[in-house]
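Structure at a glance
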Amino acid sequence: MNSLYEYSDRLNAPCECFLFDTRLHTFPVRPHWHYFMEILFMLEGTAMISCDQNTYVLEPDDMILFLPQQIHSIYSTTNIPLKYYVLKFDINQLSPSANAPGHTLSGIHFNSLFRCAKGDAHAPLYFSAETLEGIPIETLFEKCYSEMKEQEYGYRILMQSCINTLLTYVLRLWRTNGFDTDQSLAMPKEEDTIHSITEYIDNHAHEALKVEDLAELCHMSYSYFAKIFRELYGQSCKKYIEFIRLSKAEDLLLFTNLDLNYISQETGFSDCSHFIKAFRSKHGMTPKQFRTEHSRK
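This report concerns the structure included in the present document. (Residues numbered from 1 in each chain as written. Predicted model: local features only at pLDDT ≥ 70, side-chain atom pairs only at ≥ 80, totals over all residues. Heavy atoms only, no water.)

Summed over all chains, the structure comprises 8 salt bridges. Among the salt bridges present, the one from Glu-16 reaches Lys-88, with a minimum N-O distance of 4.0 Å. Taken as a pair, Glu-16 in strand E1 (residues 15-21) and Lys-88 in strand E8 (residues 83-89) lie far apart in primary sequence, 72 residues in all. We classify Glu-16 as partly exposed; its relative accessible area is 25%. For Lys-88, a relative accessible area of 7% puts it in the buried group. Note that Lys-282 and Glu-250 form a salt bridge whose closest N and O atoms lie 2.8 Å from each other. Of this pair, Lys-282 sits in helix H9 (residues 272-283) while Glu-250 sits in helix H7 (residues 237-255), placing them 32 residues apart in sequence. Several salt bridges converge on common partners, so that one network encompasses Asp-21, Arg-23, Glu-44 and Lys-83. (Salt bridge = Lys/Arg side-chain N within 4 Å of Asp/Glu carboxyl O. Helix = DSSP H or I, 4+ residues; strand = E, 2+ residues; numbered from the N terminus. Buried < 20%, exposed > 50% of the residue type's maximum accessible area, 1.4 Å probe, protein only.)

On to the side chain of Gln-70. For Gln-70, the position within the fold is in the loop between strand E6 (63-66) and strand E7 (72-76). According to the relative accessible area criterion, Gln-70 is buried, its value standing at 5%. Within polar-contact distance, the side chain of Gln-70 engages the backbone nitrogen of Leu-67 at 2.8 Å. (Polar contact = N/O pair within 3.5 Å; in protein donor to acceptor, adjacent residues only side chain to side chain.)

Counting across every chain of the model gives 15 aromatic pairs. Where Trp-174 meets Phe-179, the ring centres are 5.4 Å apart and the plane angle is 65 degrees; that geometry is what we call edge-to-face. A single burial state applies to Trp-174 and to Phe-179, both of which are buried. Centroid distance Phe-275 to Phe-279: 5.9 Å. Interplanar angle 70 degrees. Geometry classified as edge-to-face. Here the residue Phe-275 and the residue Phe-279 both occupy positions in helix H9, the gap between them amounting to 4 residues, near one helical turn. Assessed through its relative accessible area of 0%, Phe-275 is described here as buried. Its relative accessible area of 0% is what places Phe-279 among the buried residues. Cluster of aromatic residues (ring-pair linked, three or more members): Phe-41, Tyr-85, Phe-141 and Tyr-145. (Phe/Tyr/Trp six-rings, centres within 6.5 Å; stacked < 30°, edge-to-face > 60°.)

Attention now goes to a nonpolar patch on the surface. Taken together, the side chains of Tyr-153, Leu-254 and Phe-255 define a hydrophobic patch exposed on the protein surface, amounting to about 340 Å² of accessible area. With respect to the secondary-structure elements, Phe-255 resides in helix H7. A relative accessible area of 48% places Phe-255 in the partly exposed class. (Patch = residues over 30% accessible without salt bridge, like charges linked within 9 Å, V, L, I, M, F, W, Y side chains within 5 Å. Areas by Shrake-Rupley, 256 points an atom, 1.4 Å probe, with all protein chains shown as cover.)

With that settled, the discussion passes to helix H1 (residues 110-117). Within H1, 7 of the 8 residues are buried, leaving the element largely enclosed by the surrounding structure. Those residues of H1 that sit buried are Phe-110, Asn-111, Ser-112, Leu-113, Phe-114, Cys-116 and Ala-117. In the core, the buried residues of H1 are packed alongside strand E3 (37-44), E6 and helix H3 (155-176). (Contact = heavy atoms within 4.5 Å.)

Picture the strands of a sheet paired through backbone hydrogen bonds; they go either parallel or antiparallel. Pairing is antiparallel in the open sheet, where 5 strands are placed in the order E1-E8-E3-E6-E9. With one partner strand each, in any of the chains shown, E1 and strand E9 (126-127) form the two edges of the open sheet. As paired strands, E3 and E8 are joined by 7 bridges and run antiparallel to one another. If you follow Leu-40 over to E8, its bridge partner there is Val-86. Across the sheet, helix H2 (residues 137-150) touches E1, E3, E6 and E8, and the angle it forms with E1 is around 105 degrees. (Pairing = 2+ DSSP bridges. Axes fitted to C-alpha atoms, helices over the stretch in contact; angles between N-to-C directions.)

So, about the environment of Pro-287. Note that Pro-287 resides in helix H10 (residues 287-295). Expressed as a C-alpha distance, the spacing of Pro-287 and Phe-275, which sit 12 residues apart in the sequence, is 8.6 Å. Ignoring sequence-local partners within four residues, the contact set of Pro-287 consists of Leu-253, Leu-260, Phe-275, Ile-276 and Phe-279.

In this model, H2 (14 residues) spans 20 Å end to end at C-alpha, consistent with the 20 Å of a helix rising 1.5 Å per residue. Within H2, the full set of buried residues consists of Ile-137, Leu-140, Phe-141, Cys-144, Glu-147 and Met-148. When H2 is viewed along its axis, its buried side chains cluster within an angular range of 130 degrees and face the same direction. Turned more than 90 degrees away from the buried face of H2, the exposed residues are Lys-149 and Glu-150. Following H2 by one or two positions, Gln-151 adopts a phi angle in the positive range, close to 50 degrees. (Expected span 1.5 Å × (residues − 1). Arc of directions from axis to C-beta.)

Take a look at the structure:
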């Protein structure tokens, strides 16, 4: 029997946005699930969407959310082609939004809140065009799509900003519907769960990180933490740390004139030779060659 699990590259592509057109893509979308959160915004046609045990009919300007690990599928109810935006992202890697009155000092913790929302009758996944009236949903999708397509400097930051804004509008609608956004305060702190350990790694990549210490932060044994991390992210935690450090190094090589010794220290490598060896292993060239090659483009 074929697995319903759809692999998503949470390391290299923590978010993506694309325009799905049934005239150009394989359709229907068969039942599947993934660790990403997914949001659809209808543009043309009428879609019949199943999510877990529920069925929804979406018309233009309607929107639906698929929470992580929810099985969903998409079909058409007519012969008219469908066109819709798809936004997929790893909610575990979203930073808390900026401080706001009525929220915790660290802002809105989307990961905790959307985990609380699963199965809550006050937090519907489907939003009609009428419900979304006055909210610039399509504009946010257009911006995400444009940034994803062009991939200019800082595009992921701008995409995350749009995603944060979109999720905040969803939470406002849920609060109006009676959803208790304070219930997440009773959950374990985000920094103590494996679901947000990638945020911790990102913020502390310049330090000497040990997998044993990260496992302890998550209140897990080393072996169990390593197993779960690999299942979630497709690589060992050690490889993920190196991936984050190399990503930061690539950015510094492309957009600064800092020397290699400084970059290796700033990105958490034990020394410059280790940095060069890891970089060559990933790119097939030295950091200096990488900088020279890309400066010509």
